[in-house]
Amino acid sequence: MELCLSSTTTTTRVLNLNSSRPSHTLLCSTNSLKDPLLQFKHRPFTSLKLPSPSRQFHLLQPPPLAFPPIPSRFTASASSSVATGNEKDQLPADIEVKETPEPNCSVRLSVEVPPAVCDDCYKRVLNEFMKQAKVPGFRPGKNVPESILISYVGKKHVQKATVESILKRTLPHAMSSVTGRALKDSVRIVTKFSEMEQTYSSLNSLRYDVIVDVAPQVKWIPENGYKNLKIVVEIDSDIDASRASEQELRRRHKSLGSMRIVTDRGLQIGDVAVLDISATTMGQDESNVQKIPSAETKGIQRGETKSFERVFPESWKQENLRGVHAKFTVECKELFYRDLPELDDSLADRLLTGCTTLKQVKELLFQRCLEVEQTAREQATDNVILDQLQKMVEADIPQSLFEEQGRQLYGAKLLQIQASMKLNEQQLASLSSPKAVNEYLENQKDNILNVIKQNLAVGDIYKRENLQFSTDELVKEVENSIAEFKREKQEYDEERVREQVQEILEGAKVLEWLKEHAEIQYITR
């Protein structure tokens, strides 16, 4: 039964009063399944501005150092000769590095740089300033007495450039002890720049501390428990191919009918009614009345008004209405029935374009529904497996990994909202603000941690079981993804696309392996 409800809040919508007849179309028959937190198969590439964290834990590259700026005329001089990234510039003496474990899967590196290294950096900085600075009375590139050059550039600027040069040259050496363990872009120099300046100025040496996040160690409880999974997958009865195809045929048949006014009877299953419904909560003394949303109803005649009381069940979708005692007043404005044509071969082409018989229509609809059912089963099975995996692993999650994953999930959510609602710049800026992002990270903390643990579990299984995918698979999927970006006229980073495709293929191999070795029971609800 369909009702066109006109509530006291002026909204009009269609409700389906027959609980066994969900009002969705064939292509939406899987909407009762919870979307997986992590999908490895058919995972869309929406934007490379929102990359998923790699389970491969890339080797750390020290980021650009954000220290007090040197005047623009000397900026190039201060750093043009120093090593950057992972390059290790030869040092005149060894540096001393002490490694100390920190909470949340982090490591503190305490670095001591001897005077020999500091002096060498100082000389390099002076040479660069000498090449670039235009000192009055001296031709560019010619030797300038040290005292005159420092007086021209400024002692403070030379000191800052020297400290930065020391950091850039020694940091790659300091990171050697965590090579292969450090997470990409997680390095933080925690010693204040002013403190380093003071140390260098007074001792002609340098000490600084670096904190870096390292790859979490996965602990399985029980050990190798993933090898003997026993899972129960609940499947919505509405996705059953036979049932769904019958419902879809009825929906298509119904769409071919004409609406007729009911004049001689009351509301029946299959009718369309226009109702005006008002509902209020009821206290024990019937005071403190509050308006609540329109509710479902049936069994009313055209022009009739009814009042009745109901208690919302504890399973009601809206939590704030569960257990609420409510009084409804319903007025039936209009009542219609559908005058349907006879269901036979003559309707075949109108039911499904290209078909000539009713049997052909039923077969094609069943085939489509069967594909939907199979996809839904796979998706539901993957969801249950991933959920069980994250419950079986323990790991300290670095803050940088948590924030990265959370921001990517939030970014993907914004993309989805933007695609459906077309947010303006002001709305998008508000939703993208640090406050909004931090609130999401706080509110969705458990979900974010679950996603990370799922990633860690899948990556660990992939390595433990020596799973592999072919190069042809990788190349093909990368080409398909790039082609999709080009069709959508979106920017992309080919290397990042390759990384994402690799993660998806690894995840798919793991899920395939787990399903082959798991005991799976399907239950229809």
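The rules behind each value
Residues numbered from 1 in each chain as written. Predicted model: local features only at pLDDT ≥ 70, side-chain atom pairs only at ≥ 80, totals over all residues. Heavy atoms only, no water. Helix = DSSP H or I, 4+ residues; strand = E, 2+ residues; numbered from the N terminus. Expected span 1.5 Å × (residues − 1). Contact = heavy atoms within 4.5 Å. Buried < 20%, exposed > 50% of the residue type's maximum accessible area, 1.4 Å probe, protein only. Axes fitted to C-alpha atoms, helices over the stretch in contact; angles between N-to-C directions. Parallel < 35°, antiparallel > 145°, perpendicular 65-115°, else oblique. Left-handed = near helix turned anticlockwise from the far one by under 90°. Nonpolar A, V, L, I, M, F, W, Y, C, P; charged D, E, K, R; others polar. Pairing = 2+ DSSP bridges. Phe/Tyr/Trp six-rings, centres within 6.5 Å; stacked < 30°, edge-to-face > 60°. Lys NZ or Arg CZ within 6 Å of the ring centre and 35° of its normal. pLDDT = per-residue confidence, 0-100. Polar contact = N/O pair within 3.5 Å; in protein donor to acceptor, adjacent residues only side chain to side chain. Salt bridge = Lys/Arg side-chain N within 4 Å of Asp/Glu carboxyl O. Core = buried A, V, L, I, M, F, W, Y, C linked by side-chain atoms within 4.5 Å.

Asker: An account of helix α13 (residues 471-487) is requested, with residue identities and associated values reported.
Answerer: Note that an α-helix has 3.6 residues per turn; residues three or four places apart therefore point the same way. Here α13 is 17 residues long and its end C-alpha atoms lie 24 Å apart, about the 24 Å a rise of 1.5 Å per residue gives. Where the residues of α13 are buried, they touch α14 (494-517). Count one or two residues on from α13 and you reach Lys489, which has phi positive near 55°.

Asker: Requested: an account of unusual backbone geometry, with residues and values cited.
Answerer: Ile221 connects to Pro222 through a cis peptide bond whose omega is -5°. Positioned with a positive phi, Cys105 is a non-glycine residue whose angle comes to about 60°. Mapping Cys105 onto the fold places it in the loop between β3 (96-102) and β4 (106-113). You can call Cys105 buried: its relative accessible area is 14%.

Asker: Which residues make up the packing of helix α6 (residues 241-255) against helix α8 (residues 358-392), and what values go with them?
Answerer: Their axes nearest at 8 Å, the elements α6 and α8 cross at an angle of 130°. Between α6 and α8, the interaxial angle falls into the category oblique. The interaxial crossing formed by α6 with α8 has right-handed handedness. Between α6, through Ala241, Ser242, Ala244, Ser245, Glu248, Leu249 and Arg252, and α8, the contact on the second element is made entirely by Leu358, Val361, Lys362, Leu365, Phe366, Arg368, Cys369, Leu370 and Glu373. Taken together, the residues of the contact of α6 with α8 sort by class into nine nonpolar, two polar and five charged.

Asker: Describe the sheet that holds strand β5 (residues 188-189), and please don't skip the residues or the numbers.
Answerer: Taken together, the four strands give an open sheet; going across it, the order is β3-β4-β6-β5, and neighbouring strands pair in antiparallel fashion. Strands at the two margins of the open sheet, each flanked by one partner only, are β3 and β5. Note that β5 and strand β6 (residues 206-213) share two bridges and pair antiparallel. Residue pairing across strands places Ile189 opposite Val210, the latter belonging to β6.

Asker: Describe the packing of aromatic side chains, listing the residues and the values that go with them.
Answerer: This model, assessed by the stated rule, comprises seven aromatic pairs. When the ring of Trp220 is compared with that of Tyr226, the centres are 4.9 Å apart and the planes differ by 50°; the resulting orientation is tilted. Tyr226 shares its class with Trp220; the two are buried. An aromatic cluster of three or more residues is present, and its members are Phe308, Phe312, Trp316 and Phe328. The ring of Tyr522 has Arg377 sitting right over it, with the charged end atom 4.8 Å from the ring centre.

Asker: Please provide a residue-by-residue account of the packing of α8 against helix α12 (residues 445-464), values included.
Answerer: Axis separation between α8 and α12 bottoms out at 8 Å; the angle between their running directions is 90°. Considered as vectors, α8 and α12 are oriented roughly perpendicular to each other. Across from Leu386, Asp387, Leu389 and Gln390 in α8, the residues of α12 making contact are Asn450, Lys453, Gln454, Ala457, Val458 and Ile461. Residues belonging to the contact of α8 with α12 are distributed by class as follows: five nonpolar, three polar and two charged.

Asker: Any details on the confidence of the model for the protein? Residues and values, ideally.
Answerer: The pLDDT averaged across the protein works out to 79; a share of 80% of its residues lies at or above 70. Element-level pLDDT for the protein is lowest in strand β2 (residues 12-16), with a mean of 28, against a maximum mean of 95 in β4. Every residue in residues 3-85 is under pLDDT 50, and counting partners more than four places away or in other chains gives 217 contacts.

Asker: How would you explain the side chain of Thr170 if you had to name every residue and give the values?
Answerer: Locating Thr170 in the fold gives a position in helix α4 (residues 155-174). A polar side-chain atom of Thr170 sits 2.8 Å from a polar atom in the side chain of Tyr208. Residue contacts for Thr170: discarding those within four places in its chain leaves Leu91, Ile95, Val113, Val117 and Tyr208.

Asker: Explain the environment of Asp345 residue by residue, including any values.
Answerer: Within the secondary structure, Asp345 sits in the loop between β12 (325-339) and α7 (348-351). Sequence-wise, Asp345 and Gln360 are 15 residues apart; in three dimensions their C-alpha atoms are separated by 9.3 Å. Those residues within four positions of Asp345 in sequence are excluded, and the remaining contacts are Thr356, Thr357 and Leu358. Here Leu358 takes part through its backbone nitrogen, which lies 2.8 Å from a polar atom of the side chain of Asp345.

Asker: Break down the pattern of salt bridges for me, citing the residues and quoting the values.
Answerer: One side chain can pair with another of opposite charge once the charged atoms of both are near each other. A full pass over the atoms with the stated rule returns 28 salt bridges. Measuring nitrogen to oxygen at the nearest pair gives 3.0 Å for the salt bridge that ties Arg169 to Asp89. Note that Arg169 is positioned in helix α4 and Asp89 in the loop between α1 (72-79) and β3, a separation of 80 residues in sequence. Among the ionic pairs, Asp387 bridges to Lys391, the shortest N-O distance being 3.2 Å. Note that Asp387 and Lys391 are positioned in helix α8 at a spacing of four residues, about one turn of the helix. When its relative accessible area of 60% is taken as the criterion, Lys391 is described as exposed. Salt bridges linked by common partners bring Asp89, Asp120, Arg124 and Arg169 together as one network.

Asker: Now, about α14: what can you tell me, with residues and values included?
Answerer: Along its 24 residues, α14 runs 35 Å from first to last C-alpha, staying within 8% of the 34 Å computed at 1.5 Å per residue. The N-cap of α14, judged by a side-chain oxygen 2.9 Å from the amide nitrogen of Glu495 a few residues on, is Asp493.

Asker: Before we move on, can you summarise the nonpolar core with the specific residues and values?
Answerer: With 40 residues, the main nonpolar core has Val113, Leu149, Met175, Leu206 and Tyr208 as its most contacted residues. Contributions of two or more residues to this core are made by β4, α2 (115-132), α3 (146-153), α4, α5 (193-203) and β6. With eight residues, α2 is the largest single contributor of residues to this core. Counting 32 residues, the second-largest nonpolar core is a separate cluster that includes Tyr226, Val393, Val458 and Leu467.

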